[in-house]
Amino acid sequence: MDQQTYAFLSQPGVGFFSLIIIGIIAGWVAERVTASNHGLLTNLLVGVAGAFIGDKLAGVLEVPVHGFFRTLIAAIIGAIILLWVWRAIRSR
């Protein structure tokens, strides 16, 4: 994997299409956990944003996140945090 791809995705071993699959799955799981009701595109956006949040959180906690399944777990946790923060801001 070249440096530009690695820097863009910030996840070694996870390509563009894998990131989309991870985003959809993570967004869907986060939607179910938080009892939200979103569409497929919103699930994708929440899941991809959750992947970046989960990656940064794992970096702070010094937990290695490499590969599909670890990235998926980090994305699910990040997406749940993102939806929780979003609901807390909207409820005010």
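Residues numbered from 1 in each chain as written. Predicted model: local features only at pLDDT ≥ 70, side-chain atom pairs only at ≥ 80, totals over all residues. Heavy atoms only, no water.

The next thing to look at is the packing of aromatic side chains. According to the stated counting rule, one finds one aromatic pair in the structure shown. Considering the side-chain rings of Phe68 and Phe69, the 5.3 Å spacing of their centres and the 90 degrees angle between planes classify their relative orientation as edge-to-face. Accessibility expressed as a relative area gives 30% for Phe68, which makes it partly exposed. Judged by relative accessible area, Phe69 falls into the exposed class, the value being 63%. (Phe/Tyr/Trp six-rings, centres within 6.5 Å; stacked < 30°, edge-to-face > 60°. Buried < 20%, exposed > 50% of the residue type's maximum accessible area, 1.4 Å probe, protein only.)

Below, the discussion takes up helix α4 (residues 68–90). For α4, spanning 23 residues, the distance from its first C-alpha to its last is 32 Å, which sits close to the expected 33 Å at 1.5 Å a residue. Along α4, the residues classified as buried are Thr71, Leu72, Ala74, Ala75, Ile76, Gly78, Ala79 and Leu83. Against the buried residues of α4 lie α2 (16–33) and α3 (40–60). (Helix = DSSP H or I, 4+ residues; strand = E, 2+ residues; numbered from the N terminus. Expected span 1.5 Å × (residues − 1). Contact = heavy atoms within 4.5 Å.)

The subject of this paragraph is the nonpolar core. Within the largest apolar cluster, seven residues are counted, these being Leu19, Ile22, Ala26, Ala51, Leu72, Ala75 and Ile76. Ignoring any residue separated from it by four or fewer positions in sequence, one finds Ala26 in contact with Gly47, Leu72, Ala75, Ile76 and Ala79. (Core = buried A, V, L, I, M, F, W, Y, C linked by side-chain atoms within 4.5 Å.)

On the surface, Ile53, Leu57, Val60, Leu61, Val63, Ile73, Ile77, Ile81, Trp84, Val85 and Ile89 cluster together into a nonpolar patch covering about 1,000 Å² of accessible area. Broken down by secondary-structure element, the contributors of at least two residues to the nonpolar patch are α3 and α4. Sorting elements by how many residues they give to the nonpolar patch places α4 first, with six residues. Here Leu57 shows up in helix α3. (Patch = residues over 30% accessible without salt bridge, like charges linked within 9 Å, V, L, I, M, F, W, Y side chains within 5 Å. Areas by Shrake-Rupley, 256 points an atom, 1.4 Å probe, with all protein chains shown as cover. Salt bridge = Lys/Arg side-chain N within 4 Å of Asp/Glu carboxyl O.)

Positionally, Ile73 belongs in helix α4. On a C-alpha basis, the gap between Ile73 and Gly54 in space is 8.2 Å, while along the polypeptide they are 19 residues apart.

As for its placement among the helices and strands, Lys56 is situated in helix α3. Once the C-alpha coordinates of Lys56 and Ala74 are considered, the two residues, 18 residues apart in sequence, prove to be 9.2 Å apart.

The subject of this paragraph is the environment of Arg70. Position of Arg70 among the secondary structure elements: in helix α4. As for Arg70 and Asp55, which are separated by 15 residues in sequence, their C-alpha atoms are 9.7 Å apart. Excluding its chain neighbours within four sequence positions, the residues that come into contact with Arg70 are Pro64 and Val65.

Keep in mind that these numbers describe shape and distance, not what the molecule does.
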